[in-house]
Amino acid sequence: MTLLAIDAGNAETSIGLFDGDELVADFVVASDERRTSDEWFLVVEGFLRRSGLPEVDEIAMCCTVPALLVALRRTYLRYYENIPAWVVGPGVKTGVPIHTDNPREVGTDRIVNALAAKELYGGPAIVVDLTGTATVVDAIDAEGRYLGGAIAPGVEVSLDAIVRNSAQLRSVEITTPRDVIGKNTVEALQSGVVFGFAGLIDAIVERMIESLGEDPDDVSVIATGSHAAVVLTECETITARDAKLTLQGLRLVAAKNR
(Lines give C-alpha, C1' and ligand atoms only; values in the text may rest on other atoms or scores of the structure.)
Protein backbone atom coordinates (compact mmCIF):
# COMPACT_ATOMS: atom_id res chain seq x y z
CA MET A 1 0.00 0.00 0.00
CA THR A 2 1.41 3.37 -1.04
CA LEU A 3 0.85 6.37 1.21
CA LEU A 4 1.36 9.88 -0.12
CA ALA A 5 2.35 12.15 2.78
CA ILE A 6 2.40 15.91 2.26
CA ASP A 7 3.71 18.47 4.74
CA ALA A 8 2.96 21.89 3.25
CA GLY A 9 4.66 24.81 4.99
CA ASN A 10 5.18 28.49 4.36
CA ALA A 11 8.40 28.17 2.36
CA GLU A 12 8.69 24.51 1.39
CA THR A 13 6.49 21.47 0.94
CA SER A 14 7.84 18.02 1.82
CA ILE A 15 6.39 15.06 -0.07
CA GLY A 16 6.96 11.53 1.17
CA LEU A 17 6.03 8.19 -0.41
CA PHE A 18 5.64 5.22 1.93
CA ASP A 19 5.48 1.58 0.92
CA GLY A 20 3.83 0.22 4.05
CA ASP A 21 5.84 1.61 6.97
CA GLU A 22 8.94 2.28 4.87
CA LEU A 23 9.69 5.77 3.57
CA VAL A 24 10.74 4.89 0.04
CA ALA A 25 11.31 8.40 -1.29
CA ASP A 26 10.93 12.00 -0.20
CA PHE A 27 11.15 15.27 -2.07
CA VAL A 28 11.01 18.98 -1.28
CA VAL A 29 9.42 21.63 -3.52
CA ALA A 30 8.74 25.33 -3.08
CA SER A 31 5.39 26.17 -1.49
CA ASP A 32 4.27 28.23 -4.47
CA GLU A 33 0.73 29.48 -3.86
CA ARG A 34 0.34 30.10 -7.60
CA ARG A 35 0.69 26.40 -8.38
CA THR A 36 -2.63 24.97 -9.56
CA SER A 37 -4.17 21.65 -8.59
CA ASP A 38 -3.19 20.27 -12.00
CA GLU A 39 0.43 21.30 -11.41
CA TRP A 40 0.44 19.66 -7.97
CA PHE A 41 -0.83 16.46 -9.59
CA LEU A 42 1.97 16.51 -12.15
CA VAL A 43 4.52 17.10 -9.38
CA VAL A 44 3.24 14.16 -7.34
CA GLU A 45 2.96 11.83 -10.33
CA GLY A 46 6.49 12.70 -11.42
CA PHE A 47 7.84 11.79 -7.99
CA LEU A 48 5.70 8.65 -7.91
CA ARG A 49 7.14 7.40 -11.22
CA ARG A 50 10.66 8.19 -10.05
CA SER A 51 10.11 6.18 -6.85
CA GLY A 52 9.03 3.09 -8.79
CA LEU A 53 5.82 2.67 -6.80
CA PRO A 54 2.71 1.74 -8.83
CA GLU A 55 0.06 4.19 -7.59
CA VAL A 56 -1.17 6.18 -4.61
CA ASP A 57 -3.52 4.23 -2.32
CA GLU A 58 -4.07 6.82 0.42
CA ILE A 59 -3.11 10.36 1.38
CA ALA A 60 -2.22 12.04 4.69
CA MET A 61 -1.53 15.74 4.74
CA CYS A 62 -0.91 18.68 7.04
CA CYS A 63 -0.86 22.25 5.78
CA THR A 64 -0.34 25.62 7.49
CA VAL A 65 -0.98 27.77 4.39
CA PRO A 66 -4.68 28.25 3.53
CA ALA A 67 -4.08 29.01 -0.17
CA LEU A 68 -1.99 25.86 -0.57
CA LEU A 69 -4.57 23.82 1.27
CA VAL A 70 -7.25 24.85 -1.24
CA ALA A 71 -5.13 23.78 -4.22
CA LEU A 72 -4.06 20.52 -2.59
CA ARG A 73 -7.64 19.64 -1.68
CA ARG A 74 -8.67 20.21 -5.28
CA THR A 75 -5.84 17.93 -6.38
CA TYR A 76 -6.93 14.88 -4.42
CA LEU A 77 -10.64 15.53 -4.98
CA ARG A 78 -10.08 15.62 -8.74
CA TYR A 79 -7.34 13.07 -9.29
CA TYR A 80 -7.51 10.80 -6.23
CA GLU A 81 -11.21 10.91 -5.45
CA ASN A 82 -11.59 7.19 -4.85
CA ILE A 83 -8.88 6.79 -2.21
CA PRO A 84 -8.87 7.74 1.50
CA ALA A 85 -7.42 11.17 2.25
CA TRP A 86 -6.86 12.63 5.71
CA VAL A 87 -6.08 16.31 6.21
CA VAL A 88 -4.94 16.79 9.80
CA GLY A 89 -7.46 18.93 11.65
CA PRO A 90 -10.81 18.59 13.41
CA GLY A 91 -12.31 15.16 12.82
CA VAL A 92 -9.01 13.42 12.08
CA LYS A 93 -7.62 11.16 14.81
CA THR A 94 -4.10 11.85 16.07
CA GLY A 95 -4.21 10.40 19.56
CA VAL A 96 -2.57 13.57 20.88
CA PRO A 97 -4.59 15.52 23.48
CA ILE A 98 -3.99 19.25 22.96
CA HIS A 99 -3.68 21.13 26.25
CA THR A 100 -3.58 24.74 25.05
CA ASP A 101 -5.94 27.69 25.47
CA ASN A 102 -7.24 27.33 21.91
CA PRO A 103 -6.34 24.03 20.22
CA ARG A 104 -7.51 25.33 16.84
CA GLU A 105 -4.64 27.86 16.87
CA VAL A 106 -1.98 25.16 16.95
CA GLY A 107 -0.39 24.43 13.57
CA THR A 108 -1.25 20.94 12.37
CA ASP A 109 2.40 20.21 11.61
CA ARG A 110 3.18 20.76 15.29
CA ILE A 111 0.56 18.18 16.30
CA VAL A 112 1.91 15.72 13.74
CA ASN A 113 5.42 16.23 15.14
CA ALA A 114 4.09 15.66 18.65
CA LEU A 115 2.48 12.41 17.54
CA ALA A 116 5.71 11.19 15.94
CA ALA A 117 7.75 12.16 19.00
CA LYS A 118 5.31 10.40 21.31
CA GLU A 119 5.15 7.18 19.26
CA LEU A 120 8.78 6.95 18.15
CA TYR A 121 10.68 8.42 21.11
CA GLY A 122 8.23 8.37 24.02
CA GLY A 123 7.39 11.12 26.46
CA PRO A 124 8.28 13.44 27.90
CA ALA A 125 9.73 14.98 24.75
CA ILE A 126 10.58 18.31 23.20
CA VAL A 127 10.54 18.86 19.43
CA VAL A 128 12.75 21.53 17.85
CA ASP A 129 11.60 22.29 14.30
CA LEU A 130 13.80 24.53 12.16
CA THR A 131 11.82 25.75 9.15
CA GLY A 132 12.68 28.47 6.69
CA THR A 133 10.55 31.02 8.50
CA ALA A 134 10.43 29.98 12.14
CA THR A 135 12.19 28.18 14.96
CA VAL A 136 9.51 26.19 16.77
CA VAL A 137 10.01 24.37 20.08
CA ASP A 138 7.14 22.22 21.40
CA ALA A 139 6.65 20.23 24.60
CA ILE A 140 4.97 16.84 25.08
CA ASP A 141 4.54 15.47 28.59
CA ALA A 142 5.04 11.93 29.88
CA GLU A 143 1.41 11.06 29.04
CA GLY A 144 1.84 12.14 25.43
CA ARG A 145 -0.15 15.34 25.77
CA TYR A 146 0.80 18.35 23.67
CA LEU A 147 1.29 21.22 26.13
CA GLY A 148 2.30 24.11 23.89
CA GLY A 149 5.55 25.65 22.82
CA ALA A 150 7.61 28.63 21.74
CA ILE A 151 7.99 30.28 18.34
CA ALA A 152 10.99 32.41 17.34
CA PRO A 153 12.03 33.78 13.94
CA GLY A 154 13.74 31.36 11.59
CA VAL A 155 17.47 31.52 10.91
CA GLU A 156 17.06 32.52 7.27
CA VAL A 157 14.37 35.11 8.04
CA SER A 158 16.55 36.73 10.70
CA LEU A 159 19.61 36.82 8.46
CA ASP A 160 17.62 38.27 5.57
CA ALA A 161 16.15 40.95 7.84
CA ILE A 162 19.49 42.18 9.19
CA VAL A 163 21.06 42.22 5.72
CA ARG A 164 18.08 44.03 4.21
CA ASN A 165 18.07 46.70 6.90
CA SER A 166 21.83 47.27 7.19
CA ALA A 167 23.66 49.08 4.41
CA GLN A 168 27.07 47.56 5.12
CA LEU A 169 26.02 43.93 5.64
CA ARG A 170 25.51 41.26 2.99
CA SER A 171 24.05 37.79 2.93
CA VAL A 172 26.45 35.03 3.95
CA GLU A 173 26.55 31.25 3.93
CA ILE A 174 25.22 29.81 7.17
CA THR A 175 28.22 27.86 8.39
CA THR A 176 30.27 27.64 11.58
CA PRO A 177 32.98 30.34 11.64
CA ARG A 178 36.58 29.76 12.79
CA ASP A 179 35.79 31.20 16.20
CA VAL A 180 32.91 32.77 18.07
CA ILE A 181 34.86 36.05 17.88
CA GLY A 182 34.49 36.92 14.21
CA LYS A 183 37.57 38.47 12.62
CA ASN A 184 35.60 40.00 9.75
CA THR A 185 32.02 40.94 8.92
CA VAL A 186 31.21 37.61 7.31
CA GLU A 187 32.44 35.61 10.31
CA ALA A 188 30.73 38.00 12.71
CA LEU A 189 27.40 37.40 10.98
CA GLN A 190 27.98 33.65 10.95
CA SER A 191 28.87 33.67 14.63
CA GLY A 192 25.77 35.63 15.55
CA VAL A 193 23.50 33.38 13.53
CA VAL A 194 24.97 29.96 14.35
CA PHE A 195 25.92 30.42 18.01
CA GLY A 196 23.07 32.84 18.68
CA PHE A 197 20.37 30.47 17.51
CA ALA A 198 22.06 27.47 19.13
CA GLY A 199 22.01 29.37 22.42
CA LEU A 200 18.38 30.39 21.89
CA ILE A 201 17.34 26.77 21.31
CA ASP A 202 19.29 25.44 24.30
CA ALA A 203 17.89 28.14 26.59
CA ILE A 204 14.28 27.44 25.59
CA VAL A 205 14.73 23.67 25.85
CA GLU A 206 16.30 23.94 29.30
CA ARG A 207 13.49 26.18 30.54
CA MET A 208 10.86 23.83 29.12
CA ILE A 209 12.43 20.83 30.86
CA GLU A 210 12.37 22.81 34.10
CA SER A 211 8.72 23.71 33.50
CA LEU A 212 7.88 20.05 32.85
CA GLY A 213 9.49 19.19 36.19
CA GLU A 214 11.44 16.35 34.61
CA ASP A 215 15.00 15.10 34.93
CA PRO A 216 16.83 16.32 31.78
CA ASP A 217 18.13 12.78 31.24
CA ASP A 218 14.55 11.54 30.91
CA VAL A 219 13.47 14.02 28.20
CA SER A 220 13.95 13.26 24.51
CA VAL A 221 14.83 16.41 22.55
CA ILE A 222 14.26 15.74 18.87
CA ALA A 223 15.40 18.16 16.20
CA THR A 224 13.72 18.17 12.81
CA GLY A 225 13.38 20.40 9.78
CA SER A 226 15.67 20.76 6.79
CA HIS A 227 17.05 24.22 7.56
CA ALA A 228 20.25 25.38 9.22
CA ALA A 229 21.45 21.95 10.31
CA VAL A 230 24.76 23.58 11.25
CA VAL A 231 22.95 25.34 14.11
CA LEU A 232 21.90 22.01 15.57
CA THR A 233 25.49 20.78 15.68
CA GLU A 234 26.22 23.61 18.13
CA CYS A 235 23.26 22.81 20.40
CA GLU A 236 23.98 20.96 23.63
CA THR A 237 20.44 19.83 24.45
CA ILE A 238 19.53 17.88 21.29
CA THR A 239 19.39 14.11 21.89
CA ALA A 240 18.14 12.97 18.46
CA ARG A 241 17.89 14.35 14.93
CA ASP A 242 15.09 13.18 12.66
CA ALA A 243 14.69 15.23 9.48
CA LYS A 244 11.66 13.13 8.44
CA LEU A 245 9.77 13.40 11.74
CA THR A 246 6.74 15.15 10.21
CA LEU A 247 6.43 12.68 7.36
CA GLN A 248 6.65 9.82 9.85
CA GLY A 249 3.94 11.53 11.89
CA LEU A 250 1.69 11.63 8.83
CA ARG A 251 2.26 7.91 8.36
CA LEU A 252 1.08 7.39 11.93
CA VAL A 253 -1.98 9.60 11.28
CA ALA A 254 -2.93 7.38 8.36
CA ALA A 255 -2.53 4.26 10.49
CA LYS A 256 -4.82 5.68 13.18
CA ASN A 257 -7.57 6.65 10.71
CA ARG A 258 -7.73 3.66 8.36
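Cut-offs applied
- Residues numbered from 1 in each chain as written.
- Predicted model: local features only at pLDDT ≥ 70, side-chain atom pairs only at ≥ 80, totals over all residues.
- Heavy atoms only, no water.
- UniProt positions renumbered as here; feature names shortened; annotations may be inferred.
- Buried < 20%, exposed > 50% of the residue type's maximum accessible area, 1.4 Å probe, protein only.
- Contact = heavy atoms within 4.5 Å.
- Axes fitted to C-alpha atoms, helices over the stretch in contact; angles between N-to-C directions.
- Helix = DSSP H or I, 4+ residues; strand = E, 2+ residues; numbered from the N terminus.
- Parallel < 35°, antiparallel > 145°, perpendicular 65-115°, else oblique.
- Nonpolar A, V, L, I, M, F, W, Y, C, P; charged D, E, K, R; others polar.
- Left-handed = near helix turned anticlockwise from the far one by under 90°.
- Arc of directions from axis to C-beta.
- Pairing = 2+ DSSP bridges.
- Domains from an automatic or database assignment.
- Buried area = accessible area lost by both parts, 1.4 Å probe.
- Salt bridge = Lys/Arg side-chain N within 4 Å of Asp/Glu carboxyl O.
- Polar contact = N/O pair within 3.5 Å; in protein donor to acceptor, adjacent residues only side chain to side chain.

1. Digging into the UniProt feature "binding site: ATP" (unreviewed entry) in the protein
For step 1, the next point in the chain: In the UniProt entry, the feature "binding site: ATP" (unreviewed entry) is given for Asp7, Ala8, Gly9, Asn10, Ala11, Glu12, Thr13, Ser14 and Thr133.
For step 2, the next point in the chain: Here glycine 9 falls in the buried class, since its relative accessible area comes to 14%.
For step 3, the next point in the chain: For glycine 9, the residues in contact, after removing those within four places along its chain, are Ser31, Thr64, Val65 and Leu68.
For step 4, the next point in the chain: Setting aside anything within four residues of it in sequence, one finds serine 14 in contact with Ala5, Ile6, Asp7, Phe27, Val28 and Leu247.

2. A few points about the packing of helix 3 (residues 108-121) against helix 7 (residues 245-257)
To characterise two packed helices, one gives the angle between the axes of the helices and the distance between these axes.
For step 1, the next point in the chain: At their nearest, the axes of helix 3 and helix 7 sit 8 Å apart, and the two run at 85 degrees to each other. Here helix 7 runs roughly perpendicular to helix 3, going by the angle between their axes. Between helix 3, through Val112, Asn113, Leu115, Ala116, Ala117, Glu119, Leu120 and Tyr121, and helix 7, the contact on the second element is made entirely by Leu245, Thr246, Gln248, Gly249, Leu250, Arg251, Leu252, Val253 and Lys256.
For step 2, the next point in the chain: When grouped by side-chain class, the residues that make up the contact of helix 3 with helix 7 number 10 nonpolar, 4 polar and 3 charged.

3. With respect to the UniProt feature "active site" (unreviewed entry) in the protein
For step 1, the next point in the chain: When the UniProt feature table is mapped onto this chain, "active site" (unreviewed entry) is found at Asp109.
For step 2, the next point in the chain: Mapped onto the fold, aspartate 109 is located in helix 3.
For step 3, the next point in the chain: Classification of aspartate 109 as buried rests on a relative accessible area of 16%.
For step 4, the next point in the chain: Sequence-distant contacts of aspartate 109, defined by excluding residues within four places in its chain, comprise Asp7, Cys62, Thr64 and Asp129.

4. Examining the packing of helix 1 (residues 37-51) against helix 2 (residues 66-79)
For step 1, the next point in the chain: It is at 8 Å that the axes of helix 1 and helix 2 come closest, and there the two elements cross at 70 degrees. Between helix 1 and helix 2, the angle is such that the two are roughly perpendicular. Judged by the sense of rotation from one axis to the other, the crossing of helix 1 with helix 2 is right-handed. Contacts between helix 1 and helix 2 involve Ser37, Asp38, Trp40 and Phe41 from the former and Leu68, Ala71, Leu72, Arg74, Thr75, Arg78 and Tyr79 from the latter.

5. Focus: helix 4 (residues 155-164)
For step 1, the next point in the chain: Every buried residue belonging to helix 4 is among Val155, Leu159 and Val163, and all of these are buried. Seen end-on, helix 4 carries its buried residues on one side only, within an arc spanning 60 degrees.

6. Side note on the sheet that holds strand 10 (residues 240-241)
For step 1, the next point in the chain: Strands sit in the order 8-7-6-9-10 across an open sheet of 5 strands; the sheet is mixed. Taken across any chain shown, the strands that pair with only one partner, and hence form the sheet edges, are strand 8 (146-153) and strand 10.
For step 2, the next point in the chain: Lying over the sheet, helix 5 (residues 185-212) contacts strand 6 (125-130), strand 7 (134-140), strand 8 and strand 9 (220-224), oriented at roughly 20 degrees with respect to strand 7.

7. A closer look at the domain arrangement of the protein
For step 1, the next point in the chain: As assigned here, the protein comprises domain 1 (2-87) and domain 2 (108-249).
For step 2, the next point in the chain: The distance between the C-alpha centroids of domain 1 and domain 2 comes to 26 Å.
For step 3, the next point in the chain: If you look at the interface, domain 1 gives 13 residues, while domain 2 gives 10 residues.
For step 4, the next point in the chain: Buried area between domain 1 and domain 2, summed over both chains or domains, comes out near 930 Å², and the portion from carbon and sulfur atoms is 63%.
For step 5, the next point in the chain: Across the domain 1-domain 2 interface, the total number found is 1 salt bridge.
For step 6, the next point in the chain: As a salt-bridge pair, lysine 244 and aspartate 26 come within 2.6 Å of each other at their nearest N and O atoms.
For step 7, the next point in the chain: Taken together, the elements giving at least two residues each to the side of domain 1 that touches domain 2 come down to strand 1 (2-8), strand 2 (12-19), strand 3 (22-30) and strand 4 (58-63).

8. Some points on the environment of tyrosine 79
For step 1, the next point in the chain: Within the secondary structure, tyrosine 79 sits in helix 2.
For step 2, the next point in the chain: Note on tyrosine 79: relative accessible area 29%, which makes it partly exposed.
For step 3, the next point in the chain: Discounting chain neighbours no more than four positions away, the residues touching tyrosine 79 are Ser37, Asp38 and Phe41.
For step 4, the next point in the chain: A distance of 2.5 Å separates polar atoms of two side chains, one belonging to tyrosine 79 and the other to aspartate 38.

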